[in-house]
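Chain and residue survey
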Amino acid sequence: FTGERGERELSYAELDARSSSLAHKILAVLPTVDSGAPLVAIRLPAGVDQVVALLAVWKAGAAYLPLDSSLEREEQILSATAPALLVDTTFIDGADAAVVPLPVLDPSHSAYVIFTSGSTGTPKGVVVTHANIADLLAPLADELAADSNDIWSQTHSFAFGYSLWEIWGALATGACVAIVDEAVRKDPRQVIAALNQSQVSVLS
């Protein structure tokens, strides 16, 4: 993994432990909803903490709303969605919460909300369920022959749909995600160098 906090690696066991810990913290302050999944906004730079937070939100039984400040429409998105909680660096670095039972995920519940680019008008929020994601990723092993030996690159903002392939495609097949730093993504030569350095085998 690479990110603004420096280059780091995380094993699946560490990812599981850290996301569970953060899920408990989220669940401790998350209001209950009558049906569906509460919406949790995430404002974190590309890197380990971002992936941990995405998984933690799911473990807490919520749906995530990715916020990318570079898109300059954050206020509009927050106004349209009114998320129940914001997970940012301050939240992650706060004190741990007591361990409470984590909910069982419902495939019909919302997994995330991503806003369209708005190129044809006002950006619109698109709600995707856990079942939708499972259907999308199901053919990976057969059609892409993807497995745990692969290294997937994440070169897109997590506020764009392609990030779904890059992050969850890798994790669903037990592979590695090589997260390209946000500053590096702006320079094609640096991107190519980062992909070669990480020995990326799956590029979206």
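Read on for an overview of the structure.

Reading guide: rules and limits
- Residues numbered from 1 in each chain as written.
- Predicted model: local features only at pLDDT ≥ 70, side-chain atom pairs only at ≥ 80, totals over all residues.
- Heavy atoms only, no water.
- Helix = DSSP H or I, 4+ residues; strand = E, 2+ residues; numbered from the N terminus.
- Rg over C-alpha atoms; globule rule 2.2 N^0.38 Å.
- Buried < 20%, exposed > 50% of the residue type's maximum accessible area, 1.4 Å probe, protein only.
- Contact = heavy atoms within 4.5 Å.
- Areas by Shrake-Rupley, 256 points an atom, 1.4 Å probe, with all protein chains shown as cover.
- Salt bridge = Lys/Arg side-chain N within 4 Å of Asp/Glu carboxyl O.
- Axes fitted to C-alpha atoms, helices over the stretch in contact; angles between N-to-C directions.
- Parallel < 35°, antiparallel > 145°, perpendicular 65-115°, else oblique.
- Left-handed = near helix turned anticlockwise from the far one by under 90°.
- Nonpolar A, V, L, I, M, F, W, Y, C, P; charged D, E, K, R; others polar.
- Polar contact = N/O pair within 3.5 Å; in protein donor to acceptor, adjacent residues only side chain to side chain.

**Topic: the overall build of the protein chain**
When its secondary structure is counted, the protein chain shows 8 helices and 7 strands. Its C-alpha atoms give the protein chain a radius of gyration of 17 Å, near enough to 17 Å, the size a compact globule of 204 residues would have. Referenced to the eigenvectors of the C-alpha coordinate spread, the extents of the protein chain come out at roughly 45 × 40 × 35 Å. Taking all 204 residues of the protein chain together, 46% fall into the buried category. By sequence separation, contacts in the protein chain at least 24 residues apart represent 71% of the contacts at least 6 residues apart. Carbon and sulfur atoms form 54% of the exposed surface of the protein chain, whose accessible area is close to 10,500 Å².

**Brief notes about the pattern of salt bridges**
The final tally for this structure, using the stated rule, is 3 salt bridges. Notably, a salt bridge pairs K59 with D16, separated by 2.5 Å at the nearest N-O pair. With K59 in helix α2 (residues 48-59) and D16 in helix α1 (residues 12-29), this pair connects stretches of sequence that are 43 residues apart. Here E74 makes a salt bridge to R43, at a shortest N to O gap of 2.6 Å. One end of the pair, E74, is in helix α3 (residues 74-81); the other, R43, is in the loop between β1 (39-42) and α2, with 31 residues separating them in the sequence.

**Thoughts on the packing of α1 against α2**
It is the contact of α1 with α2, at a shortest axis distance of 8 Å, that shows an interaxial angle of 60 degrees. Our classification of the angle between α1 and α2 gives oblique. Crossing geometry of α1 relative to α2 is assigned as right-handed. Counting all contacts with α1, which are made through L15, D16, R18, S19, S20, L22, A23 and I26, the residues of α2 involved are V48, D49, V51, V52, A53, L55, A56, V57 and K59. A class-by-class count of the residues in the contact of α1 with α2 yields 11 nonpolar, 2 polar and 4 charged.

**Remarks on the side chain of S19**
Structurally, the position occupied by S19 is in helix α1. By relative accessible area, S19 is classed as buried at 0%. In this structure the side chain of S19 is engaged in a polar contact, spanning 2.7 Å, whose partner is the backbone oxygen of L15. Discounting residues that sit within four places of it in the chain, S19 has contacts with V52, L55, A56 and K59.

**Here we look at the environment of T89**
As for its position among the elements, T89 is in helix α4 (residues 89-92). Along the backbone, T89 and I42 are 47 residues apart, and their C-alpha atoms lie at a distance of 9.5 Å.

**Brief notes about the environment of A131**
One can find A131 in helix α5 (residues 130-137). Along the chain, A131 and A80 lie 51 residues apart, while their C-alpha atoms are 24 Å from each other.

**Some thoughts on unusual backbone geometry**
The phi torsion of most residues other than glycine is negative, and most of the peptide bonds are trans. Phi is positive for A82, close to 50 degrees, though the residue is something other than glycine. Looking at where A82 falls in the secondary structure, it is placed in the loop between α3 and β3 (85-87). In this model, A145 sits at a positive phi of 55 degrees, which is unusual for a non-glycine residue. Of note, A145 is situated in the loop between α6 (140-144) and β6 (151-154).

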